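# Coordinate inspection notes
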Amino acid sequence: MNKDKYIVKARELIRNAKNIMVLSGAGLSTEAGIPDFRSKGGLYSHDFHGYNPETVLSHSFYLNNPELFWEYLRTELNYTDIKPSESYKLIAELEKEGRVKAVVTQNIDSLHPDAGSKNIIEIHGTLKKCFCDTCGKEYPYKDMMKKDTPVYCTEEGCRGIIRPAVVLYDEDVPLMKDVIIAAEECDLLLVLGTSLLVYPVAYIPQLFLESGKEVIIINRDETPYAMAKGVTEINSSIGTALKIILDTEGISDTEELD
Ligand code: NAD
């Protein structure tokens, strides 16, 4: 199948679907200006004080090196001024039209809610809520992203360590149950910008395929699901592909796919 045929197939699947689940990853946010992990130039391409990002973003690292952990968030994951891209807005629009029933995201940048999506499962949590791990006192995200804000709780007698409400690398993903329930209600999975290498999220397409449901994947690099039966994978930039698939523009536009 060439790219044109994949586009036609994806368009048809989306038109015929009643309840779509969107599954998004860091690749959906690159067009908003946030680097992903595994693309060329992504966060994995450089160490931080000799540590790789998975180590820095682990619960044990946060407990043992809170200052360095926060330095990493402030320098590498500072999303204070980032706005949702056009693709985020298209997804929110599809939800308003009643076509998208659930958005499951691995992203911790909260761009889905910022774009207006409502029924969202932020499976890895959000950076935009910060709290003390001991007394629960909340701290504004914008303050926490400033260089010299203390990382220990300022409540008298507390001294807990402030953390963002994200799932760290050696922690459980508590919302997987909710994803499984939402998936039962959906008849099509639209995957946007994830390498599908991080579990348990990488298992979600399998859930759909096992129930005989179709999966569309738009991702620049090929994913492990590319050749699976029931999968239509388009290896292109999301901004271009999504507009062509959802738009009324002609199919010949696929020539512009990058
Ligand atoms: P990943 O880096 O493993 O994969 C991203 C994929 O997106 C790549 O395969 C790449 O080819 C593709 N991609 C990048 N830009 C694209 C574009 N414009 N159009 C189409 N495809 C594009 O990321 P992941 O699979 O989401 O998993 C990494 C983990 O990192 C997640 O758990 C996530 O929580 C975390 N993370 C989140 C953010 C964020 O919140 N924005 C940023 C970096 C990492």
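Note: the structure precedes this text.
What comes next is a walk through the structure. Throughout this document, residue positions are counted from 1 along each chain, in the order its sequence is written. With pLDDT at 70 or above as the cut-off, local features in this predicted model cover only qualifying residues; side-chain atom pairs require 80 or more to be listed or tallied, and sums for whole chains, interfaces and linings still use all residues. Excluded from the side-chain calculation are hydrogens and water; included are all heavy atoms of the structure.

### Some details on unusual backbone geometry
Threshold: Where helices and strands are cited, they refer to DSSP runs of H or I of at least four residues and of E of at least two residues respectively, numbered from the N terminus.
Cis geometry is adopted by the peptide bond preceding Pro200, which originates at Tyr199 and carries an omega value of 10°. Positive phi is not limited to glycine here, since Leu196 has a value of about 55°. Mapped onto the elements of the fold, Leu196 is located in the loop between β7 (188-192) and α9 (204-210).

### Thoughts on helix α8 (residues 176-184)
Note the threshold: Accessible area is worked out with a 1.4 Å probe on protein chains only. A residue is then buried under 20% of its type maximum, exposed over 50%, and partly exposed in between. To be clear, the arc concerns the directions from the helix axis to the C-beta atoms.
Within the span of α8, buried status applies to Met176, Val179, Ala182 and Ala183. End-on view of α8: buried residues confined to an arc of 120°, all on one side of the axis. In α8, the exposed positions that point more than 90 degrees away from the buried face belong to Lys177, Ile181 and Glu184.

### Observations concerning the packing of helix α5 (residues 86-96) against helix α10 (residues 238-246)
Working note: a packed helix pair is described by the angle between its axes plus the distance between those axes. Basically, it comes down to this: Interaxial angle, 0 to 180 degrees, is taken between N-to-C directions of lines fitted to C-alpha atoms, where a helix line uses only the stretch in contact. The crossing is said to be left-handed when, going from far helix to near helix, the turn is anticlockwise and less than a right angle, and right-handed when the turn is clockwise. Contact between two residues is taken to exist if any of their heavy atoms lie within 4.5 Å; hydrogens are not considered.
Remark: α5 packs on α10, axes separated minimally by 10 Å, with the N-to-C direction vectors making an angle of 35°. With respect to the hand of their crossing, α5 and α10 are arranged in left-handed fashion. Taken together, the residues of α10 that come into contact with α5 (itself represented by Ser87, Leu90, Ile91 and Leu94) are Ile238, Gly239, Leu242, Lys243 and Leu246.

### Section: the pattern of salt bridges
Which entries qualify depends on this criterion: Throughout this description, the term salt bridge denotes a Lys or Arg side-chain nitrogen within 4 Å of a carboxyl oxygen of Asp or Glu.
The tally for this structure, following the rule as stated, stands at 7 salt bridges. Lys128 is paired through a salt bridge with Asp114; the nearest N and O atoms lie 3.6 Å apart. Of this pair, Lys128 sits in strand β4 (residues 125-132) while Asp114 sits in helix α6 (residues 111-115); the two residues are 14 residues apart in sequence, bridging distant segments of the chain. Taking relative accessible area as the criterion, Asp114 reaches 45% and is therefore assigned partly exposed. Close ionic contact of Glu155 with Lys137 constitutes a salt bridge, the shortest N to O distance being 3.3 Å. Of this pair, Glu155 sits in the loop between α7 (141-144) and β6 (162-166) while Lys137 sits in the loop between β4 and β5 (138-140), and the two are 18 residues apart along the sequence. On the basis of relative accessible area, Glu155 is assigned to the partly exposed category, the value being 39%.

### A look at the packing of helix α1 (residues 3-16) against α10
Let me state the cut-off plainly: Working definition: roughly parallel below 35 degrees, roughly antiparallel above 145 degrees, roughly perpendicular at 65 to 115 degrees, and oblique for all remaining angles. Note on residue classes: Ala, Val, Leu, Ile, Met, Phe, Trp, Tyr, Cys and Pro are nonpolar, Asp, Glu, Lys and Arg are charged, and everything else, Gly too, is polar.
One way to put it is that α1 packs onto α10 with a least axis distance of 9 Å and a crossing angle of 60°. The orientation of α1 relative to α10 falls into the category oblique. When the axes of α1 and α10 are compared, the crossing they make is right-handed. Contacts from Ile7, Ala10, Arg11 and Ile14 in α1 reach Ile244, Ile245 and Leu246 in α10. Of the residues contributing to the contact of α1 with α10, the split by class is 6 nonpolar, no polar and 1 charged.

None of this, on its own, says anything about what the molecule does.
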